[in-house]
Amino acid sequence: MTAMVTAEGVHKSFGPTHVLKGIDLEVAPREVFCLVGPSGSGKSTFLRCINHLEKINAGRLYVDGHLVGYRQQGNKLYELKDKEVAAQRKDIGMVFQRFNLFPHMTALENVMEAPVQVKRESKATARERAKRLLDRVGLADKASGYPTQLSGGQQQRVAIARALAMEPKLMLFDEPTSALDPELVGEVLDVMRDLAQSGMTMIVVTHEMGFAREVGDALVFMDDGAVVESGHPRDVLTNPQHQRTKAFLSKVL
Amino acid sequence: MTDPTSPGPADKQPAGPGPSKTGAATAVPPEAIKAIPVRHPWRWVSAAVVLALLGLLVYAFANAKIEWGDVPEYLFSDRVVEAAGNTLLITVLAMLLGVVLGIVLAIMRLSDNPVTSAFANLYIWFFRGTPVLLQLLLWYNLGLVFQTLNLGPLYKNEMTDVMTPFVAALLGLGLNEAAYMAEIVRAGIQSVDEGQTEASHALGMSRGRTMRRIVLPQAMRVIVPPTGNEFINMLKTSSLAMVIQYTELTFVANEISATNLNPMEMYIVVAVWYLAMTSVFSVVQYYIERHYAKGSVRQLPLTPMQKLRRNIFSGPRMKGTR
């Protein structure tokens, strides 16, 4: 069985700042893969590299066996065209810390947008699926609401439904609960838990250690642009081997 | 939550600040405040001064040598109405040219291609840096330096035949406007949060589609109000086209006054037309802005018609409630 995501020596710099210093990891299909670490450790940047929102400077990144953002012929790498990058992203859903819903569209229109525009689906088909997805995240009654009329937790659940509408094979979560009021975190985690049980491959950058321990299949602790420690969440979180992991966990747990 | 049949004496406390159950247990009902309002004598004084000055102005006009009868006589005369139509026509067309070209220039200016962005900068530099009156004269007199317009196999004609007052006015006003619109559109595009572009890209939408479906509709909220101002400005700036013989309102006012020898009366006539057109457009602008406010405010503001209907049918309401 091939890995869903494979990273080989991934490096990324923003100008003089070296953010990722050689990341190697593998995410298996149907796995819930958690990325934890202090802020500035590069975990969000790495996540954004997976769907080519950031270009990597060195190394190789594969999603479902395909090189991300490039085409290799012999020894030469060719940058993919705008359209080809877009086609790759179709199969990768992403959920952002700040939701990034489209404010000029209702919840239903947000979910329908990509299937209609990208997959050229009929509006009727897209609307049916969008309604089903909103129902799945518990927001069937908010379909006609605009994002400003929804709470943060509701917005994030719409954002998850929007990503699922493209029927992705991989979902990326970039600190999905960090911008939420504490009492709204639970409803979003419930949706994610449900999604994990349905067998979706998920990469989750999070500070919710409880979620990681309960739902995660694998966990990587990153610090200063490198993987410090990895393993099953239960092992890493309860019995960290590395000094930096211990120091971090003692602050967040 | 509270069961109305349950006795529930505990939640019968008086609401708001005031004596609670601790301390003195005298449950005094809140008394409405009756205070003597602050006096504002200076408001009366300033109102009186303004009214007095206004009265003087009216008096001055009433006694001025103005043939008031000329105003209704010429207001709807054929030549004036036709000129008003021409003013509106050149305004709408020049704005249209300005908006379309402005969007193109804004996208060029924001593009990664150094040649296109430098060209857009150069365009904006020239057309914002020279007076529009001069630009009108340049277009109108183009025949002096280019005697024929030769578009290869497509089109060929004498420049003086092509560059009619209408064409020169359209190019002069429209191309000038494009420079200003480019800056307005650029500001609008840049006001949209980068997260919107990222979310759109992450869904697999291409750059062009992201611009059309996600960025521009949101940028419209920032673009529309200044564009409305530009339109109203254009209604008035179009009067400059009189110098190149375009028969718009101000040109016609001048022409008629040359024969009836009452220029001030004619200027009042066209002032009425300009005011009428700008007023009507202000209402249109309100509705356009309301349309693009969708999703940015929780509750859309009422239209004047809705307000009117509500005021008529809901009857008198208590003061202070909306």
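Conventions and cut-offs
- Residues numbered from 1 in each chain as written.
- Chains lettered and ligands numbered in written order.
- Predicted model: local features only at pLDDT ≥ 70, side-chain atom pairs only at ≥ 80, totals over all residues.
- Heavy atoms only, no water.
- Buried < 20%, exposed > 50% of the residue type's maximum accessible area, 1.4 Å probe, protein only.
- Helix = DSSP H or I, 4+ residues; strand = E, 2+ residues; numbered from the N terminus.
- Pairing = 2+ DSSP bridges.
- pLDDT = per-residue confidence, 0-100.
- Contact = heavy atoms within 4.5 Å.
- Disulfide = S-S within 2.5 Å.
- Axes fitted to C-alpha atoms, helices over the stretch in contact; angles between N-to-C directions.
- Buried area = accessible area lost by both parts, 1.4 Å probe.
- Salt bridge = Lys/Arg side-chain N within 4 Å of Asp/Glu carboxyl O.
- Phe/Tyr/Trp six-rings, centres within 6.5 Å; stacked < 30°, edge-to-face > 60°.
- Lys NZ or Arg CZ within 6 Å of the ring centre and 35° of its normal.
- Parallel < 35°, antiparallel > 145°, perpendicular 65-115°, else oblique.
- Left-handed = near helix turned anticlockwise from the far one by under 90°.
- Core = buried A, V, L, I, M, F, W, Y, C linked by side-chain atoms within 4.5 Å.

## Comments concerning the pairing of strand S3 (residues 32-36) of chain A
Residue and element names in this part refer to chain A.
Here is step 1 of the chain: Most of S3 is tucked away, with 5 of its 5 residues classed as buried.
Here is step 2 of the chain: Judged by which residues are buried, S3 turns out to be covered on both faces: Val32, Cys34 and Val36 on one side and Phe33 and Leu35 on the other are all buried.
Here is step 3 of the chain: Judged from the 4 bridges that link them, S3 and strand S10 (residues 201-205) form a sheet pairing that is parallel. Paired with valine 32 across the bridge in S10 is methionine 202.
Here is step 4 of the chain: Pairing of S3 with strand S11 (residues 218-223), which is carried by 4 bridges, proceeds in the parallel orientation. Bridging across to S11, valine 36 finds its partner in phenylalanine 221.

## A word on the confidence of the model for chain B
All names here are of chain B.
Here is step 1 of the chain: For chain B, mean pLDDT is 86; residues scoring 70 or higher make up 87% of the total.
Here is step 2 of the chain: Low pLDDT, under 50, characterises residues 1-23; the stretch is placed with 5 contacts to residues that sit more than four places away or in other chains.
Here is step 3 of the chain: pLDDT under 50 marks residues 316-322. Its contacts with residues more than four places away, or in other chains, come to 3 contacts.
Here is step 4 of the chain: The ipTM assigned to the predicted complex is 0.94, against a pTM of 0.78.

## As for the state of the cysteines
All names here are of chain A.
Here is step 1 of the chain: One pass over the structure, following the stated rule, counts 0 disulfides over all chains.
Here is step 2 of the chain: With no disulfide of its own, cysteine 34 lies 19 Å from the sulfur of cysteine 49, the closest cysteine sulfur.
Here is step 3 of the chain: Note on cysteine 49: relative accessible area 1%, which makes it buried.

## Considerations on the sheet that holds S11 of chain A
Residue and element names in this part refer to chain A.
Here is step 1 of the chain: Here 6 strands make up an open sheet; going across it, the order is S8-S9-S10-S3-S11-S12 and the pairing mixed. One side of each edge strand has no neighbouring strand; the edge strands of this open sheet are strand S8 (92-95) and strand S12 (226-231). Averaged over all pairs of adjacent strands, the angle between strand axes in this sheet comes to 20°, irrespective of strand direction.
Here is step 2 of the chain: The strands touched by helix H6 (residues 182-197) are S3, strand S9 (170-174) and S10; relative to S10, the strand with the most contacts, the crossing angle is about 145°.

## What to know about the interface of chain A and chain B
Here is step 1 of the chain: Contact residues are listed per partner, giving 27 residues for chain A and 23 residues for chain B.
Here is step 2 of the chain: With both chains or domains summed, chain A and chain B bury close to 2,200 Å², and 54% of this area falls on carbon and sulfur atoms.
Here is step 3 of the chain: A per-residue breakdown of the area chain A buries against chain B is headed by Phe102, His104 and Thr148 of chain A, which together make up 24% of the total.
Here is step 4 of the chain: Counting every contact that joins chain A to chain B gives 2 salt bridges.

## Quick look at the packing of aromatic side chains
Here is step 1 of the chain: Enumeration over the complete set of coordinates arrives at 8 aromatic pairs over all chains.
Here is step 2 of the chain: An aromatic cluster is defined as three or more aromatic residues linked by ring pairs; in this entry it consists of Phe119, Tyr123, Phe126 and Phe127 of chain B.
Here is step 3 of the chain: The ring of phenylalanine 102 of chain A has arginine 162 of chain A sitting right over it, with the charged end atom 4.5 Å from the ring centre.

## Some points on the sheet that holds strand S5 (residues 66-67) of chain A
Residue and element names in this part refer to chain A.
Here is step 1 of the chain: Taken in spatial order, the 4 strands of this open sheet run S2-S1-S4-S5, and their pairing is antiparallel. Looking at strand neighbours, the two that pair on one side only are strand S2 (17-27) and S5, the edges of this open sheet.
Here is step 2 of the chain: With 5 bridges joining them, strand S1 (residues 5-14) and strand S4 (residues 58-63) adopt antiparallel strand pairing. By the bridge assignment, alanine 7 is partnered in S4 with leucine 61.
Here is step 3 of the chain: Across the face of the sheet, helix H1 (residues 43-50) comes into contact with S1, S2 and S4 while running at roughly 65° to S2.

## Concerning the packing of helix H5 (residues 132-140) of chain B against helix H7 (residues 165-191) of chain B
Residue and element names in this part refer to chain B.
Here is step 1 of the chain: Taken N-terminus to C-terminus, the directions of H5 and H7 make an angle of 140°; their axes are 8 Å apart at the nearest point. What the angle tells us is that H5 and H7 run oblique. For the pair H5 and H7, the crossing hand works out as right-handed. Contacts from Val132, Gln135, Leu136, Trp139 and Tyr140 of H5 reach H7 at Pro165, Ala168, Ala169, Leu171, Gly172, Leu173, Leu175 and Asn176.

## Re the nonpolar core
Here is step 1 of the chain: The biggest cluster of nonpolar side chains holds 51 residues, and the ones touching the most others in it are Leu134, Ile160, Met171, Phe173, Met192 and Met202 of chain A.
Here is step 2 of the chain: Here the element with the most residues in this core is H6 of chain A; it accounts for 8 residues.
Here is step 3 of the chain: Core analysis: the next-biggest nonpolar cluster, separate from the first, contains 46 residues, Val192, Met234, Ala241 and Ile256 of chain B among them.

## A few points about the pattern of salt bridges
Residues and elements named next belong to chain A.
Here is step 1 of the chain: A full pass over the atoms with the stated rule returns 20 salt bridges over all chains.
Here is step 2 of the chain: Across the pair arginine 157 and glutamate 187 runs a salt bridge whose closest N-O atoms are separated by 2.9 Å. Here arginine 157, found in helix H5 (residues 152-164), pairs with glutamate 187, found in helix H6; they are 30 residues apart in sequence, far enough to count as distant.
Here is step 3 of the chain: Given a relative accessible area of 11%, arginine 157 falls into the buried group.
Here is step 4 of the chain: Since its relative accessible area comes to 22%, glutamate 187 is described here as partly exposed.
Here is step 5 of the chain: Here arginine 244 and aspartate 223 are joined by a salt bridge, their closest N and O atoms 3.4 Å apart. With a gap of 21 residues between them, arginine 244 in helix H9 (residues 243-252) and aspartate 223 in strand S11 connect regions that are remote in the sequence.
Here is step 6 of the chain: We classify arginine 244 as partly exposed; its relative accessible area is 38%.
Here is step 7 of the chain: Connected through shared salt-bridge partners, Lys119, Glu121, Arg129 and Glu167 make up one network.

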